[in-house]
Amino acid sequence: MSRDAELRQKLHPIANHLIDEYQAGRLTRREFVRRLSVLGINLSFANFLASACGGGQNAASPTAAVPQTGSPAPQPTLNATPAGAGTPGSVPVVRAAVFMPAGKIDPITIADEGGLCLLSQTGEYLCWADEQLNLRPELATSWQPNDNASVWTFTLRQGVTFHNGKPLRAQDVVATFKRLTDPNSGSNALSAFQGVITPDGIKAKDEYTVVFELQRPFSNFPYLVSSDNYNTIILPEEYDGNYESTFIGTGALKLKEYQPRSKAVFVRNPTYWGKPAIPDMVELRFYEDESARILAFQGREVDVVTHVTASNGQPLFKDSTTQMIEFSSTTHLQVHMRTDTKPFDDRRVRQAIALLLDRPAIINGILLGKADIGNDHPFAPVYPSTDKTVAQRQQDLAKARSLLQAAGYGDGFSIKLVSWRGLAIPDLAAVIQQAAQQVRIRIDIELTDAGTYYGKAVFGESPWLDSTLGITDYGHRGAPDVVLRAALRSDGVWNAAHFKNTTYDRLVDDYAAATDLQRQRQIAKNIEELLLEETPLLITFFERYLIAARRGLSGIEPGAVGHLRLAHARFS
């Protein structure tokens, strides 16, 4: 029996299909490794398969060529600390400037970047989605689907304790996800779980095994229980709220002090299951806007500033004392147009707005080229399933005028655009306002703070979800499912466009169930074309994620969704 045949006998059928795709040249090595990580195959074994099955070089067997079992803990991946370096006590404190949390810190309800960044200081996930979109084991050491990806089984890491000394068991994981999937809990994670799993589908098989029985096959389910779905930090079974008093979790850091609207201070967890934290203390300072965060960095009040935009961060690019950490992401600004409200209840008007925009000029002008072009759908170029043959929408003023004339708006109209003052939102709002003036559309811009814009993040109590025209920042996701479902499905909890289309809903369900990458791409093409025709929203670019750090600071572990772990940061 050939080596290839021996390997295939040990693998899940979906993994064997991925090998076929890789060998046929329809997947790059990076895409192949990423998809294997979703199936719970550790990265060292996935890279071995890429060499062994793809005819590559250096196909020697790895030390442990078995899927996931005994997988090592995730390690910092950017400027990683050399082995053996940075013993505890060598770094007194690392300080970072982060977004002001929009409200109370509650793992169940948090929906903003400042809040989620706090969760991942002390909390941990079943798996961690890294900056390359790979899934790395964290509190789960392995996971595997059944044949059609409708049941997923996760094996938990042993020897883990919460900050209060209680050992981690399967019941803690079950209780965590039952809370997050309870429709009466106010869970923000319902944006991902609604229609996918109910509390009854989450079960402990034994002390260290959790089984998720889904409502429908879902090939990207591990992303929903990873750091991508930031509400899913694992909490003790008996957790009953008041998170701000403890920040309880299993992470390398634990809470020392939390001052709302000012700062949070964390210290080393002496009983951590993995590599001990290096700094004695990590301090996150909160700032309302980006300019204040950057000034704090320039004034040496902090060592790191998270999520820098290209325009505002420009002074830092040539600063010899600063290092810019940059990687591709699916982070984007989404312009919604309410499809149930005039004038946007006519899709010709929505198409006209889209045709006013010069996307390359927006990317170069606002983002200094640090972005991939968007085509008014959530399939970013970095996703393997994105169909890149669908024609890119181009600026066409004549067609925009024609569409408006046909819709009865040849003399234009007046409309209010609402959002919040952050990221590149004010710049994009101004560009849209100026572009609209060319067709006599008068846009009044109303920008507030993030907390006011998001409100309670439910329909009827949120300018975000209730406005006729708005701009919303969407964080990075390792797979497009959450945005496809939450922001656009008829029952989506983030459906600010109030878009209802039964064909779209069916396609999104078909996409989630597809385990075959070619099938995913076929469905993606249909979704992309449908959204271009209907245009419930505009997505003009996908940003590259930027973090500014003091030169010499290494061991930073970011996530483009907004995470910034500093437990293993150190200065050289």
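Just so it is clear, the model here is predicted, and its values are computed rather than measured.

(A) A look at the pairing of strand β4 (residues 140–145). In terms of burial, β4 is largely enclosed, as five of its six residues are buried. Bridge count for β4 against strand β5 (residues 151–156) is five bridges, and the pairing is antiparallel. In the strand pairing of β5, Pro 145 is matched with Trp 152. Once β4 ends, the chain turns through five residues before running back antiparallel as β5, passing Ala 149 with a positive phi of about 65°.

(B) Looking closely at the pattern of salt bridges. Scanning all chains against the criterion turns up 28 salt bridges. Note that Arg 347 and Glu 533 form a salt bridge whose closest N and O atoms lie 3.5 Å from each other. Highlighted residues: Arg 347 in helix α11 (residues 347–355) and Glu 533 in helix α19 (residues 517–534), separated in sequence by 186 residues. The class for Glu 533 is partly exposed, based on a relative accessible area of 37%. Three or more residues are tied together by salt bridges with common partners; here these are Arg 216, Arg 485, Arg 489, Asp 491 and Asp 509.

(C) Representation of the packing of aromatic side chains within the structure. In this structure the tally under the stated criterion is 22 aromatic pairs. Look at Tyr 125 and Trp 128: their rings are 6.4 Å apart centre to centre, the planes differ by 55°, and that puts the pair in the tilted class. A relative accessible area of 0% places Tyr 125 in the buried class. Residue class for Trp 128 comes out buried when judged on its relative accessible area of 1%. Ring geometry for Trp 464 and Trp 494: centres 6.2 Å apart, planes at 50°, overall tilted. Within this pair, whereas Trp 464 is found in helix α16 (residues 463–466), its partner Trp 494 is found in the loop between α17 (481–486) and α18 (502–513), the two being separated by 30 residues in sequence. Put simply, the rings of Trp 143, Trp 152, Phe 154, Phe 177, Phe 193, Phe 212 and Phe 221 touch in pairs and so form one group of aromatic residues. The ring of Phe 99 has Arg 293 sitting right over it, with the charged end atom 4.1 Å from the ring centre.

(D) Structural detail: the packing of α11 against α19. With their axes 8 Å apart at the nearest point, α11 and α19 run at an angle of 100° to one another. By the angle class used here, α11 and α19 are roughly perpendicular. Mapping the contact onto sequence places Arg 347, Arg 350 and Gln 351 in α11 and Leu 532, Glu 533 and Glu 534 in α19. A class-by-class count of the residues in the contact of α11 with α19 yields one nonpolar, one polar and four charged.

(E) Broad picture of the sheet that holds β4. Sheet architecture is open: four strands sit in the order β4-β5-β7-β6, paired in antiparallel fashion. In this open sheet, the two strands that pair with only one neighbour each are β4 and β6 (202–206). The average undirected angle you get between the axes of adjacent strands in this sheet is 20°. Against the sheet, helix α6 (residues 170–181) makes contact with β5, β6 and β7 (209–213), and its axis sits at roughly 175° relative to β6, the strand it touches most.

(F) Summary view of the nonpolar core. Judged by nonpolar contacts, the single largest core of 184 residues is most densely connected at Leu 126, Phe 177, Phe 212, Phe 221, Leu 284, Ile 527 and Leu 566. Beyond its immediate stretch of four places on either side in the chain, Phe 212 contacts Leu 126, Ser 150, Val 151, Trp 152, Phe 154, Phe 177, Ile 197, Gly 201, Ile 202, Phe 221 and Val 225.

(G) Region of the structure containing the confidence of the model for the chain. Mean pLDDT over the chain works out to 89, with 93% of the residues at or above the 70 mark. Confidence over residues 55–89 falls short of pLDDT 50; this stretch has 79 contacts with residues more than four positions distant or in other chains.

(H) Summary view of the side chain of Asn 269. Along the chain, Asn 269 falls in the loop between β9 (263–268) and β10 (279–287). In this structure Asn 269 comes out as buried when scored by relative accessible area, which is 4%. Polar contacts involving the side chain of Asn 269 include one to the side chain of Thr 271, which spans 3.0 Å. Discounting residues that sit within four places of it in the chain, Asn 269 has contacts with His 163, Thr 250, Gly 251, Ala 252, Leu 253 and Lys 254.

(I) Spatial organisation of α19. When the terminal C-alpha atoms of α19 are compared, their 25 Å separation across 18 residues agrees well with the 26 Å that a helix rising 1.5 Å per residue should span. Of the positions making up α19, those classed as buried are Leu 517, Gln 520, Arg 521, Ile 523, Ala 524, Ile 527, Glu 528, Leu 530, Leu 531, Leu 532 and Glu 534. For α19, the secondary structure elements touched by its buried residues are α2 (13–23), α3 (29–38), α11, α17 and α18. Put simply, Asp 516 is the residue that caps the front of α19, since its side-chain oxygen is 2.7 Å from the backbone nitrogen of Gln 518. With its phi angle positive at about 50°, Thr 535 sits one or two positions after the end of α19.

(J) Broad picture of the state of the cysteines. The full count for this structure, using the stated rule, is zero disulfides. Note on Cys 117: no disulfide assigned, nearest cysteine sulfur contributed by Cys 127 at a separation of 19 Å.

(K) Region of interest: α6. In a regular helix each residue adds 1.5 Å, so twelve residues correspond to 16 Å; α6 covers 17 Å between its end C-alpha atoms and thus fits that length. Along α6, ten of the twelve residues are buried, which leaves the element largely enclosed by surrounding structure. Looking only at α6, the buried set comprises Ala 170, Asp 172, Val 173, Val 174, Ala 175, Thr 176, Phe 177, Arg 179, Leu 180 and Thr 181. Of the surrounding secondary structure, the elements contacted by the buried residues of α6 are β5, α7 (190–193), β6 and β7.

Conventions we followed
Residues numbered from 1 in each chain as written. Predicted model: local features only at pLDDT ≥ 70, side-chain atom pairs only at ≥ 80, totals over all residues. Heavy atoms only, no water. Buried < 20%, exposed > 50% of the residue type's maximum accessible area, 1.4 Å probe, protein only. Helix = DSSP H or I, 4+ residues; strand = E, 2+ residues; numbered from the N terminus. Pairing = 2+ DSSP bridges. Salt bridge = Lys/Arg side-chain N within 4 Å of Asp/Glu carboxyl O. Phe/Tyr/Trp six-rings, centres within 6.5 Å; stacked < 30°, edge-to-face > 60°. Lys NZ or Arg CZ within 6 Å of the ring centre and 35° of its normal. Axes fitted to C-alpha atoms, helices over the stretch in contact; angles between N-to-C directions. Parallel < 35°, antiparallel > 145°, perpendicular 65-115°, else oblique. Contact = heavy atoms within 4.5 Å. Nonpolar A, V, L, I, M, F, W, Y, C, P; charged D, E, K, R; others polar. Core = buried A, V, L, I, M, F, W, Y, C linked by side-chain atoms within 4.5 Å. pLDDT = per-residue confidence, 0-100. Polar contact = N/O pair within 3.5 Å; in protein donor to acceptor, adjacent residues only side chain to side chain. Expected span 1.5 Å × (residues − 1). Disulfide = S-S within 2.5 Å.

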